[in-house]
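What the coordinates show
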Amino acid sequence: HRLDLEAVISAAADDTQIYACGPERMLQVLEQIAWERPERLHVEHFSAIGAQLDPENEVPFEVELRDSQLSVQVSADQTLLEAVRAVGVDVPSDCEEGLCGTCEVNVIAGEVDHRDKVLSGAERAEGSRMMACYNDEETP
């Protein structure tokens, strides 16, 4: 028998925070159940299951790094993380080891094409931070 996740979440008080880690299928079900209140759900992914970048479907862009005072071109076959590392900027990242969320960077201005599974919908809408790796998102 599988745990009835919908019943468990429905029985919890409205202000209850939900923390989960486990199989990707279970996390997807939890995200579907909690879609109306995504700020309640906190998940941890233990594997990077992202799609490879397809340069034909991606758009190159330029990013300005305030602290380094650099302007970096990100090509259609690169992630932001790869591009900034290529110019010598050290951004922490453990996604290669399955610890998602360590490559978080602040966003000063501009629109973000969020591709992570770390930030909640509300955090994405706020637009003040992003994951630089794009390593854990299925292509929309």
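See above for the structure.
Treat the numbers as computed from the prediction; the structure is a model and nothing was measured.

The rules behind each value
Residues numbered from 1 in each chain as written. Predicted model: local features only at pLDDT ≥ 70, side-chain atom pairs only at ≥ 80, totals over all residues. Heavy atoms only, no water. Pairing = 2+ DSSP bridges. Helix = DSSP H or I, 4+ residues; strand = E, 2+ residues; numbered from the N terminus. Right-handed = clockwise from strand over helix to strand, strands pointing away. Buried < 20%, exposed > 50% of the residue type's maximum accessible area, 1.4 Å probe, protein only. Lys, Arg positive; Asp, Glu negative; His and termini not counted. Salt bridge = Lys/Arg side-chain N within 4 Å of Asp/Glu carboxyl O. Polar contact = N/O pair within 3.5 Å; in protein donor to acceptor, adjacent residues only side chain to side chain. Contact = heavy atoms within 4.5 Å. Core = buried A, V, L, I, M, F, W, Y, C linked by side-chain atoms within 4.5 Å.

Let's shift gears to the pairing of strand β2 (residues 41–44). In this sheet, β2 lies alongside strand β1 (residues 18–21) in parallel orientation, the contact comprising four bridges. Bridging from a neighbouring strand, Cys21 pairs with Glu44 of β2. Chirality of the crossover, the property in question, places the unit of β1, helix α2 (residues 24–33) and β2 among those that are right-handed.

The residue Arg40 is located in the loop between α2 and β2 in this model. Although Arg40 is buried, it forms no salt bridge, and the closest oppositely charged side chain is Asp14 at an N-O distance of 5.0 Å. A polar atom in the side chain of Arg40 sits 3.3 Å from the backbone oxygen of Ala13. One polar contact links the side chain of Arg40 to the main-chain carbonyl oxygen of Thr16, over a distance of 2.9 Å. Residue contacts for Arg40: discarding those within four places in its chain leaves Ile9, Ala12, Ala13, Asp14, Thr16, Gln17 and Ile18.

Moving on, we come to the nonpolar core. Counting residues in each nonpolar core, the largest one holds 17 residues, and the members touching the most others are Val63, Leu65, Leu80, Val84, Val91 and Cys103. If you list the elements that add at least two residues to this core, you get β3 (61–65), β4 (70–74), α3 (80–86) and β6 (129–131). In contact with Leu80, other than residues within four places in its own chain, are Phe61, Val63, Val74, Met130 and Ala132. Leu5, Ile18, Leu30 and Ala34 belong to the second largest nonpolar core, which has eight residues in total.

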